[in-house]
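Each chain, letter by letter, is given below.
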Amino acid sequence: MPESEILKKYVADNEVIGICVSGGLDSKTVALRLRLAGVKVKCFTADIGQPDEEDINDVIKKMEPCGVETVIVDLKKEIAEGAFEAIACQAMWDGGYWQSTGIGRYVTARGLLLEMKKHGCTVLSHGATGRGNDQVRFERYVNVIDPSFKVYAPWRDPVLLGEFPGRTQ
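Residues numbered from 1 in each chain as written. Predicted model: local features only at pLDDT ≥ 70, side-chain atom pairs only at ≥ 80, totals over all residues. Heavy atoms only, no water.

Draft legend 1. The arrangement of the overall build of the protein in detail. Secondary structure summary: the protein contains 7 helices and 7 strands in total. Secondary structure elements in the protein, listed N-terminal to C-terminal, are α-β-α-β-α-β-α-β-β-α-β-α-β-α. For 169 residues, the compact-globule formula gives about 15 Å, and the C-alpha radius of gyration of the protein, at 16 Å, lands near that figure. For the protein, the spread of C-alpha atoms along the principal axes amounts to about 50 × 35 × 30 Å. Looking at the protein as a whole, 41% of its 169 residues are labelled buried. Just so you have it, the protein exposes about 9,300 Å², and 54% of that area is on carbon and sulfur atoms. (Helix = DSSP H or I, 4+ residues; strand = E, 2+ residues; numbered from the N terminus. Rg over C-alpha atoms; globule rule 2.2 N^0.38 Å. Buried < 20%, exposed > 50% of the residue type's maximum accessible area, 1.4 Å probe, protein only. Areas by Shrake-Rupley, 256 points an atom, 1.4 Å probe, with all protein chains shown as cover.)

Structure, rendered in structure tokens:
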């Protein structure tokens, strides 16, 4: 297994990486790869009341084969508050649809970051692929909320990307 210089430094510095996970393939790939590289890993998922999972605890079950601890963070109250603020501000994209995804990512990043700190994490990572906005949203929100907190973007680590070049669709 090729060694990532970034991950070797995290191991040497005794960093603890908190990964934002969904239980999907990208989340599992990142969590397992980091754990196998010797990185201390803890996984976190946000419960913002979306119906992605019939039972939010299924995310824990999906992550178990990776050998990582997964914490569910209840952020339903926070997403509701964000939704009310969006309505009050009429936060709509060109008048067509509510800015719920951006708000959801902010609520998720902020809530998971706070929980990661409680669990001794020093770096936030995510399973968001390099093809979408989510990785940029997670990174920017963390940089604004706590500029001293490190962010690891796995799909921009050349070694990890070389091992898992991504999907073609």
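Draft legend 2. How the structure looks around the pairing of strand S3 (residues 69-74). The pairing of strand S2 (residues 40-47) with S3 spans 6 bridges and is parallel. When the sheet's bridge partners are listed, Ala46 is paired in S3 with Val73. Since S2 and S3 lie parallel, the crossover through helix H3 (residues 58-63) that links them has a hand, and here it is right-handed. (Pairing = 2+ DSSP bridges. Right-handed = clockwise from strand over helix to strand, strands pointing away.)

Draft legend 3. Fine view of the environment of Glu78. Relative to the assigned elements, Glu78 resides in helix H4 (residues 76-89). Spatially, the C-alpha atom of Glu78 lies 9.0 Å from that of Thr108, the residues being 30 residues apart in sequence. When neighbours within four sequence positions are excluded, Glu78 is seen to be in contact with Val107 and Arg110. (Contact = heavy atoms within 4.5 Å.)

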